[in-house]
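Report on the structure
Chain by chain, the residues run as shown.
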Amino acid sequence: MVELRQKSYWQIGVLSGAISALIYMVHVIMGGILWDGYSHVRQTISELTGNGAPDAEMLRVFTIGYGILAVIFSVIVYVLFRKHQVNRIAQFGAILLLVMHAASLIGYGLFPLEQGGEVLTFGNFMHLAITAIVVITTVGALFAIGYGLWLTKNFRAIGLFTLVCAIVIVLAGVATPIVLNNELPYAGLVERLIIFTLQFWTFVLSLHLYRLPKIMDMEVKRFGFMEIYKER
């Protein structure tokens, strides 16, 4: 009975990922509405909570809540991967995911964007350094998790979905320096393609892991039915 309760707690806890993704989206939408003249196409998401931005203090409450839930989600993903004996490559990816969310929560909290990022102050330099860490660990986490899941029985579909999301993020990441170096007015659009893909993946993985016992039970029943059919 204790084991069943603990398993239930993990399954419920993994919904922290879906909730964190929704909170993040709310903060972006709300920030754009409250900031008169803000452009989701031209301006980055970090500008919403940067020093001097209108309603930055209120929006930081959302980003802190998002960060805490995302860290909890990463820990639970690692635990569930181990409990269900997912390939070790995916387990390593879960660790990278935890590093990414921890760096984002602590780093961006300590070094919010200053003056829209236009001036290379120490704070902005650190913000960019943290962004580099976040990008590298995000890409590494998604590819590792995706490949590891793809190698694991009953996880191939979600693994393939994860790999597709990783490729989208890489392509958008490649486009980012092109947009910035040519001073194209699409910095916000490219950034949103990266971050929204990550949030969508988080939401889907969270719900998938929450439903995992039911999904695996259906697979077992289907496999058993097929074995009985073959015997006949």
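This structure is a prediction, so every number in the text was calculated from the model and none was measured.

Things to note about helix 3 (residues 56-83)
Owing to its 3.6 residues per turn, the α-helix aligns residues three or four sequence positions apart on the same side. The terminal C-alpha atoms of helix 3 lie 40 Å apart, and with 28 residues this matches the ideal 40 Å at 1.5 Å per residue to within 8%. Following helix 3 by one or two positions, glutamine 85 adopts a phi angle in the positive range, close to 55 degrees.

Some thoughts on the pattern of salt bridges
Working definition: two side chains of opposite charge can pair if their charged atoms are close together. One pass over the full model with this rule turns up one salt bridge. Here arginine 60 ties to glutamate 57 by a salt bridge, and the two come within 2.9 Å at their closest N and O atoms. Residue arginine 60 and its partner glutamate 57 are both found in helix 3; the two are separated by three residues, about one turn of the helix.

A look at the nonpolar core
Membership of the largest hydrophobic core comes to 28 residues, with the highest contact counts inside it found for Phe81, Leu149, Trp201 and Leu209. Among residues more than four places away in sequence, those in contact with leucine 209 are Gln11, Val14, Val77, Leu80 and Phe81. Listed in part, the nine residues of the second largest apolar core include Tyr38, Leu48, Ala70 and Ile195.

Things to note about the packing of helix 4 (residues 88-110) against helix 5 (residues 122-150)
Direction vectors running N to C along helix 4 and helix 5 enclose 160 degrees, while the axes themselves pass 7 Å from each other. Comparing their axes, helix 5 and helix 4 come out roughly antiparallel. Crossing angle aside, the handedness with which helix 4 passes helix 5 is left-handed. Across the contact of helix 4 with helix 5, the residue classes tally to 18 nonpolar, nine polar and no charged.

Reading the values: rules and limits
Here the residue numbering is sequential within each chain, running from 1 through the sequence in written order. Local features in this predicted model are restricted to residues of pLDDT 70 or higher, and side-chain atom pairs are both shown and tallied only at a pLDDT of 80 or more, whereas totals for entire chains, interfaces and linings draw on every residue. For side-chain calculations, the full set of non-hydrogen atoms in the structure is used, while hydrogens and water are omitted. Secondary structure follows DSSP: runs of H or I at least 4 residues long count as helices, runs of E at least 2 residues long count as strands, and numbering of each begins at the N terminus. Every helix has an expected span of 1.5 Å times one less than the residues it contains. Salt bridge, as used here: a side-chain nitrogen of Lys or Arg that lies within 4 Å of a carboxyl oxygen of Asp or Glu. Buried residues of nine kinds, namely Ala, Val, Leu, Ile, Met, Phe, Trp, Tyr and Cys, make up a nonpolar core once their side-chain atoms join them within 4.5 Å. Using a 1.4 Å probe on the protein chains alone, a residue whose accessible area is under 20% of its type maximum counts as buried, one over 50% counts as exposed, and one in between counts as partly exposed. By definition, residues are in contact when any of their heavy atoms lie within 4.5 Å. Here, axes are lines fitted to C-alpha atoms. For helices the fit covers the stretch in contact, and angles between N-to-C directions go from 0 to 180 degrees. Comment on the angle field: the value is read as roughly parallel under 35 degrees, roughly antiparallel over 145, roughly perpendicular from 65 to 115, and oblique elsewhere. Two helices that cross are described as forming a left-handed crossing if the nearer one is turned anticlockwise from the farther one by less than a right angle, and a right-handed crossing if clockwise. Polar here means any residue outside two lists: the nonpolar Ala, Val, Leu, Ile, Met, Phe, Trp, Tyr, Cys and Pro, and the charged Asp, Glu, Lys and Arg; Gly therefore counts as polar.

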